[in-house]
Amino acid sequence: MTADTADLTDDETGRIREQRGWYFYDFACSVYSTSVVTVFLGPYLTSVAKAAADADGFVHPLGIPVRAGSVFAYAVSVSIVVAVLLMPLAGAVADRTGRKKPLLAVAAYVGAGATAGMFFLGGDRYALGVVLLIVANASLSVSMALYNAYLPQIATPEERDAVSSRGWAFGYTSGAFVLVLNLILYTGHESFGVSESTAVRICLASAGVWWGAFTLVPLSRLRDRRVVKDGGRPGEGSVGTGWRQLMATLRDMRRHPLTLSFLLAYLIYNDGVQTVISQASIYGSEELGLDQTTLITAVLLVQILAVAGALGMGRLARTHGAKRTILASLGVWTVILAAGYFLPAKAPVWFFALAAAIGMVLGGSQALSRSLFSHLVPRGKEAEYFAAYEMSDRGLSWLGPLVFGLAYQVTGSYRDAILSLVVFFVIGFVLLARVPVRKAVAEAGNPVPHRI
């Protein structure tokens, strides 16, 4: 087992400098999650798939009949299968060698490059879109696992709720800013001399450019910590060693059943959260008949309110504890889905009201889940445990989109598909309520905060 050399004995100025650099990776990559996954790619890839569909509305990747309207959801699910294979390996190698930053750089720039390549998506080339989506999503998953693993290394236990919340707030701020630029380009595409399709492709590609450019900030400020194996020898970094360390990590997880209980609850309820985010634009465009401008405006509203929501729920956690605050947010998510099922078509006002409700709980539920999990990770296992955590983060869950896609495939109704996600919040609520988090923190060998 590795020894934890990532202590918090650094001077406060150095720690704050790293925290500020850390925030900027959320600032860099959240534009992809917002502009690409949440707004543009779902409806656009669906339209490209429909252009390639047969008379019955099906495309046939690898000879398999798939309803065109389910292509995006299935692609998101496949991307998680790829991510599941890559994230634990990256986490094991990072913890074994202490070199998270080079791995973060590779994952970030592969994802940014795939996103920039979406400029060439058009016509009936839905397969190109699927491949680029899978590469970008899997790369984001790997990079976020490594990025999240820095949290316990750059923030004291009492700081983590606030630091995690600020990171999410940075991400939502950048998402909102770029969405404003997207809205200007999309609505005024004729005055810019480009077609609507070209405007969408520019918005997709610009997210990749933004992601790559602002990744330079955390790469310049975050630092790697030297990891020493038992016996004082530096950890090895070979791929074979990484897989052996991964298997050791899986065995080690069984020694921390309460940490696993929280992780299971998180994987389930966050599946629901992220599927709502990734499929909301398709629901709005295909089921409710809303135009792209309305969808962009709604997501912009979510981004703006999510900043306030992340910071506000961070303050609530100080008085009520992170667990109770998360549980309350899951209750709100359940009400949101039920209301979404009954939304009338072609009624933007009601869609905006639902977007406002999502914004108020979205950032906080994600930020507090990340900070709470950081208390449950045994020292020296940050990247490996956060690799498992990341399997269900950032809208890349495989089960939620699969359930959504299957529900639509079977019923042909996006209303039934959106309602099917309620089960994720109900089960997640029950499982999280049963986790004794103070005991879990102590059993992980970490100091227990005054309120958690």
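Residues numbered from 1 in each chain as written. Predicted model: local features only at pLDDT ≥ 70, side-chain atom pairs only at ≥ 80, totals over all residues. Heavy atoms only, no water.

**What about the overall build of the protein chain?**
Heads up, the condition is: Note on conventions: DSSP H or I runs of at least 4 residues are helices, E runs of at least 2 residues are strands, and numbering of each starts at the N terminus. A simple rule labels every residue: compare its accessible area, found with a 1.4 Å probe on the protein chains alone, to the largest value its type can have, and call it buried under 20%, exposed over 50%, or partly exposed in between. Every residue pair with non-hydrogen atoms within 4.5 Å of one another is taken to be in contact. The Shrake-Rupley method, run with a 1.4 Å probe, gives the accessible areas here. Residue values count only the displayed protein chains as cover.
Within the protein chain one finds 18 helices and 2 strands. Across the 452 residues in the protein chain, those meeting the buried criterion constitute 59%. Restricting the contact set of the protein chain to residue pairs at least 6 apart, pairs at least 24 apart contribute 84%. Carbon and sulfur atoms make up 66% of the accessible area of the protein chain, which totals about 16900 Å².

**Details of helix α11 (residues 292-320)**
To be explicit about the condition: Expected helix span is computed as 1.5 Å times (number of residues minus one). Note that the bend at a residue is defined as the angle between axes fitted to the seven residues ending at it and the seven residues starting at it.
Across its 29 residues, α11 extends 39 Å between first and last C-alpha, which sits within 8% of the 42 Å expected from 1.5 Å per residue. Taking the largest bend as the criterion, α11 deviates by roughly 30°, centred on A306. Taken from the residues just after α11, G321 is the one with a positive phi, measuring 90°.

**So, the packing of aromatic side chains**
The geometry of an aromatic ring pair is captured by two quantities: the separation of the ring centres and the angle between the planes. For clarity, the cut-off: Any two of the Phe, Tyr and Trp rings considered here, Trp counted by its six-membered ring, make a pair once their centres fall within 6.5 Å; the pair's planes then place it as stacked at under 30 degrees, edge-to-face at over 60, or tilted in between. Remark: a charge is flagged as sitting over a ring if the NZ atom of Lys or the CZ atom of Arg is within 6 Å of the ring centre and within 35 degrees of the ring normal.
Using the criterion set out here, one finds 21 aromatic pairs in the structure. When the centroid spacing of 5.4 Å and the interplanar angle of 50° are considered together, the rings of Y25 and Y147 count as tilted. Linking Y25 in helix α1 (residues 12-52) with Y147 in helix α4 (residues 126-148), this pair joins segments that are 122 residues apart in sequence. The two residues Y25 and Y147 agree in class, both being buried. One aromatic cluster is present, built from ring pairs that chain together W22, Y23, F24, Y25, F27, Y147, F170, F177, W210 and F214. Across from the ring centre of Y150, 5.1 Å away, lies the NZ or CZ of K100, which sits over that ring. A cation over a ring is seen here: R201 above F119, with NZ or CZ 4.7 Å from the ring centre.

**Digging into the environment of G188**
Among the structural elements, G188 can be located in the loop between α6 (160-187) and α7 (196-214). For the pair G188 and A199, spaced 11 residues apart in the sequence, the C-alpha separation amounts to 9.1 Å.

**Things to note about the environment of T293**
Looking at the secondary structure, you find T293 in helix α11. As for T293 and T187, which are separated by 106 residues in sequence, their C-alpha atoms are 6.8 Å apart. Leave out the neighbours within four places in its chain, and T293 touches L183, Y186 and T187.

**So, the environment of L181**
Tracing the backbone through its elements, the reader meets L181 in helix α6. Residues L181 and C203, 22 residues apart in the sequence, show an inter-C-alpha distance of 8.7 Å.

**Observations regarding empty space enclosed by the protein**
Short version of the rule: Buriedness for pockets is judged along seven lines, at least five of which must meet protein on both sides within 12 Å for an open set on the 1 Å grid over protein atoms alone, while cavities are sets there where a 1.4 Å probe fits but cannot get out, and lining residues have an atom within 4 Å of a point. Grid points are joined across faces, edges and corners, and a volume is the space filled by probe spheres set on the points. Classification convention: Asp, Glu, Lys, Arg as charged; Ala, Val, Leu, Ile, Met, Phe, Trp, Tyr, Cys, Pro as nonpolar; all other residues, Gly among them, as polar.
Tallied over the full model, the rule gives 2 cavities of 30 Å³ or more. A volume near 450 Å³ is recorded for the largest cavity. Forming the walls of the largest cavity are 31 residues, and the residues nearest its centre are T38, V276, I277, A280 and I358. Residue assignment for the lining of the largest cavity shows that the elements contributing at least two residues are α1, α6, α10 (257-287), α11, α12 (322-341) and α13 (348-375). For the lining of the largest cavity, the class distribution of residues is 20 nonpolar, 10 polar and 1 charged.

**A word on the packing of α1 against α7**
Packed helices, taken two at a time, are described by the angle between their axes plus the distance between the axes. Selection criterion: Under this scheme, a helix contributes an axis fitted over its contacting stretch, all axes are lines through C-alpha atoms, and angles between N-to-C directions fall in the 0 to 180 degree range. To sort the angles, those under 35 degrees are grouped as roughly parallel, those over 145 as roughly antiparallel, those from 65 to 115 as roughly perpendicular, and the leftovers as oblique. The hand of a helix crossing depends on one turn: near helix anticlockwise from the far one by less than a right angle means left-handed, and clockwise means right-handed.
Contact geometry for α1 and α7: axes closest at 8 Å, N-to-C directions at 160°. Looking at the two axes, α1 sits roughly antiparallel to α7. Note that α1 runs across α7; the crossing there is left-handed. Of the residues in α7, those touching α1 at F24, Y25, F27, A28, C29, V31, Y32, V36, F40, L41 and Y44 are S197, V200, R201, C203, L204, A207, W210, W211 and F214. The residue inventory of the contact of α1 with α7, partitioned by class, reads 18 nonpolar, 1 polar and 1 charged.

**Quick look at the side chain of T294**
Assignment of secondary structure puts T294 in helix α11. Given a relative accessible area of 11%, T294 falls into the buried group. Residues in contact with T294, not counting those within four places in the same chain, are P348 and F352.

**Quick notes on unusual backbone geometry**
Notably, L62 is not glycine yet its phi reads approximately 55°, a positive angle. When you line up the elements, L62 lands in the loop between β1 (58-59) and β2 (66-67). Residue L62 is classed as exposed on the basis of its relative accessible area of 87%. A positive phi angle is found at K346, which is not glycine, with a value near 55°.

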